[in-house]
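Read off the chains here:
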Amino acid sequence: QSTWGLLIVFVMDELIIDLDVLTISDSPRIAEPQHPIVTQTKPNQSVLVWGEMLHLKSLKSLEPAEWVNDEVINCYLKYLTHHMSDEPQQVFAFSSFFFTKLSKLTKNSSNGFDEISRWARKVDLFRYKRLLFPVNRFSSHWALAVCDIPHKSLMWFDSMFGSADDELQLLRQFLSHEQERRIKSSQHQHEAIDFTDFTLHTLRTVPRQLNADDCGVFVCEFARYLTSPSSLNVNILGESAGFMGFTQSDIPRIRKQLLFDFTNEVAKTTKQFENNDKEEEEDSVIVIEQEKLNEKCGIDVSSDQRKLGIVETGDEKTNLSLTKHKS
C-alpha cells in the first residue's frame, strides 16, 4: 500500500504575500486593499509599522498553525491603542517584554519595582481606563493581563483557562508602588487609587483555545475587544460566555485579517519610503546642478547659504535658486 503526500517549499529569500487570497466576502472586518496587493521583500528586512520595528519574516507567524511572535503582538497592540481611532487614548498597552523584566527584577533585586519604573516613566499611566499586559508564560504560551481601573479589577485572559494569581498579584504591587513613587516625586496628577481594593480574576467566560497553536491570535483578539470604544464602560466581570463574539472556529479568518492589516500597512510604509527616497534623489540633483552654476559664475557659497540658495555679491544678495535662473 502506497502513501502519498505533498511537499510545499517556502522560499524565505523572496517572501511574497498575495493579499488576493485574504479577501473574505462574509467578514465585515476585511476591507479593500489601499495599496499594491503583492509585496516582495527579503525576510530579514525590517520596517516601522505603527511605531514599532517589525522584521518582515515575523509575518510568517500569522500563517496557519504558526505561533505568533512578540513583534506581531507588540505592533498590533500599538495599533489598537494608538492608531485605530482618532479619539483620545483610553487604553495603554505595555510591551510583551515588560512582564518578563518585572518578574526577573523583583525576584532578583529588592529594588525591582524602582528599576522597572523607567518602562512607564514618560507615560501618564493612571489616566487610562485600562492597562494591557501581554504575558508570555514559560516561553510557550501567550495570555493577557488587564487592569480595569474604573471597575477596580485585575483580570487574566487566557485561552487555555490557566490560573495566574501570582502574576496578577505582582502587577497589583507594581501599580501600587508606581503610583506611590509618582506621588512622592509630584508626578501624580490624578486622584489616588487604592489598589488593595482591586480584585483578582481568572476569566472563564472568554473564548477557549482548542489546539496548541493559536494563543497569540487569541491575545490579539482579546485586545481588540478590550480597546473597542463600545467595551470601555463595560464591566467585563458581569459578562457571560460568548460576550467577545468569536470562537476557535473564527481563528483562521482572524489570522487572515491580521495578515491583511499588517501587509497593507507594510505596503503603505514601503511606498512612503520610496517617495521619500525619490524626493531626496531629486534634491541631490538640484544641489549638484546649483554647485555647477556657482562654479561657473565664480562664486564661493558657504554651506548655510547654499542651503538657502542665497549668496552675497558686493553689497547685493543674489538668489541662485534654479527656478529663477535664466541661461
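See the structure printed just above.
Residues numbered from 1 in each chain as written. Predicted model: local features only at pLDDT ≥ 70, side-chain atom pairs only at ≥ 80, totals over all residues. Heavy atoms only, no water.

1. Overview of the overall build of the protein
Broken down by element type, the protein carries seven helices and 11 strands. Relative to its 327 residues, the protein shows a buried fraction of 42%. Here the contacts in the protein between residues at least 6 apart in sequence split such that 64% fall between residues at least 24 apart. Carbon and sulfur atoms provide 49% of the accessible area of the protein, an area that totals close to 18,800 Å². (Helix = DSSP H or I, 4+ residues; strand = E, 2+ residues; numbered from the N terminus. Buried < 20%, exposed > 50% of the residue type's maximum accessible area, 1.4 Å probe, protein only. Contact = heavy atoms within 4.5 Å. Areas by Shrake-Rupley, 256 points an atom, 1.4 Å probe, with all protein chains shown as cover.)

2. Here we look at helix H4 (residues 165-184)
The first and last C-alpha atoms of H4 sit 29 Å apart over 20 residues, in line with the 28 Å expected at 1.5 Å per residue. Residues of H4 that are buried include every one of Glu167, Leu168, Leu170, Leu171, Arg172, Phe174, Leu175, Glu178, Gln179, Arg181 and Arg182, and no others. Where H4 ends, the next residue or the one after it, Ser186, has phi of about 60°, a positive value. (Expected span 1.5 Å × (residues − 1).)

3. A word on the packing of helix H1 (residues 70-83) against helix H5 (residues 215-227)
One way to put it is that H1 packs onto H5 with a least axis distance of 10 Å and a crossing angle of 10°. With respect to H5, the element H1 is oriented roughly parallel. Across the interface between the two elements, Ile73, Tyr76, Leu77, Leu80 and Thr81 of H1 pack against Gly216, Cys220, Ala223, Arg224 and Thr227 of H5. Residue composition of the contact of H1 with H5, grouped by class: six nonpolar, three polar and one charged. (Axes fitted to C-alpha atoms, helices over the stretch in contact; angles between N-to-C directions. Parallel < 35°, antiparallel > 145°, perpendicular 65-115°, else oblique. Nonpolar A, V, L, I, M, F, W, Y, C, P; charged D, E, K, R; others polar.)

4. Re unusual backbone geometry
Here Phe138, not a glycine, exhibits a phi torsion of approximately 60°, which is positive. What makes Phe138 exposed here is its relative accessible area of 69%.

5. Some thoughts on the packing of aromatic side chains
Under the counting rule described, the total for this entry stands at 19 aromatic pairs. A ring pair is formed by Trp50 and Phe262, whose centres lie 5.0 Å apart and whose planes are at 65°; its orientation type is edge-to-face. Residue Trp50 is found in the loop between strand S3 (46-49) and strand S4 (52-55), and its partner Phe262 is found in helix H6 (residues 251-297); the two are separated by 212 residues along the sequence. Across the pair, Phe262 and Trp50 agree in class, each one buried. An angle of 40° between the planes, with centres 5.6 Å apart, marks the rings of Phe92 and Tyr128 as tilted. In this pair, Phe92 is assigned in strand S5 (residues 91-93) and Tyr128 in the loop between helix H3 (112-116) and strand S6 (130-137), connecting sequence segments 36 residues apart. (Phe/Tyr/Trp six-rings, centres within 6.5 Å; stacked < 30°, edge-to-face > 60°.)

6. Looking at the pattern of salt bridges
Under the defined criterion, the tally for this structure stands at 11 salt bridges. Between Arg137 and Glu167 there is a salt bridge, with the nearest N and O atoms lying 2.9 Å from each other. Within this pair, whereas Arg137 is found in strand S6, its partner Glu167 is found in helix H4, the two being separated by 30 residues in sequence. The residue Asp214 makes a salt bridge to Arg255 at a minimum N-O spacing of 2.7 Å. Here the residue Asp214 occupies a position in the loop between strand S9 (199-202) and H5, and Arg255 occupies one in helix H6, the gap between them amounting to 41 residues. By the burial criterion, Asp214 is buried, and Arg255 matches it. A single network of salt bridges, built from pairs that share partners, joins Glu178, Arg181 and Arg182. (Salt bridge = Lys/Arg side-chain N within 4 Å of Asp/Glu carboxyl O.)

7. Regarding the pairing of strand S7 (residues 141-148)
Taking burial as the measure, the eight residues of S7 include eight buried ones, the bulk of the element. Side chains His141, Ala143, Ala145 and Cys147 of S7 all project onto a buried face; the interleaved residues Trp142, Leu144, Val146 and Asp148 project onto the opposite face, where all are buried too. Examined bridge by bridge, S6 and S7 share eight bridges and lie antiparallel to one another. Along S7, the bridge assignment pairs Asn136 with Trp142. Here S7 runs beside strand S8 (residues 153-157); their pairing, made up of five bridges, is antiparallel. Its bridge partner being in S8, Leu144 is matched across the sheet by Phe157. Following S7, the chain reverses through four residues before pairing antiparallel with S8; Lys152 in that reversal takes a positive phi of roughly 50°. (Pairing = 2+ DSSP bridges.)

8. Digging into the packing of helix H2 (residues 96-108) against H4
Two elements in contact, H2 and H4, have axes separated by 11 Å at closest approach and are oriented at 85°. With respect to each other, H2 and H4 are oriented roughly perpendicular. On the side of H2, the interface is formed by Phe98, Phe99, Leu102, Ser103 and Thr106, while H4 contributes Glu167, Leu170, Leu171 and Phe174.

9. What about the sheet that holds S7?
Where strands meet in a sheet, backbone hydrogen bonds hold them as pairs that are either parallel or antiparallel. With mixed pairing, the five strands of this open sheet are ordered in space as S5-S6-S7-S8-S9. In the strand order of this sheet, the two ends are held by S5 and S9, each with one partner. Averaged over all adjacent pairs, the angle separating strand axes in this sheet is 20°, with direction ignored. Where S8 meets S9, four bridges bridge the pair, whose relative direction is parallel.

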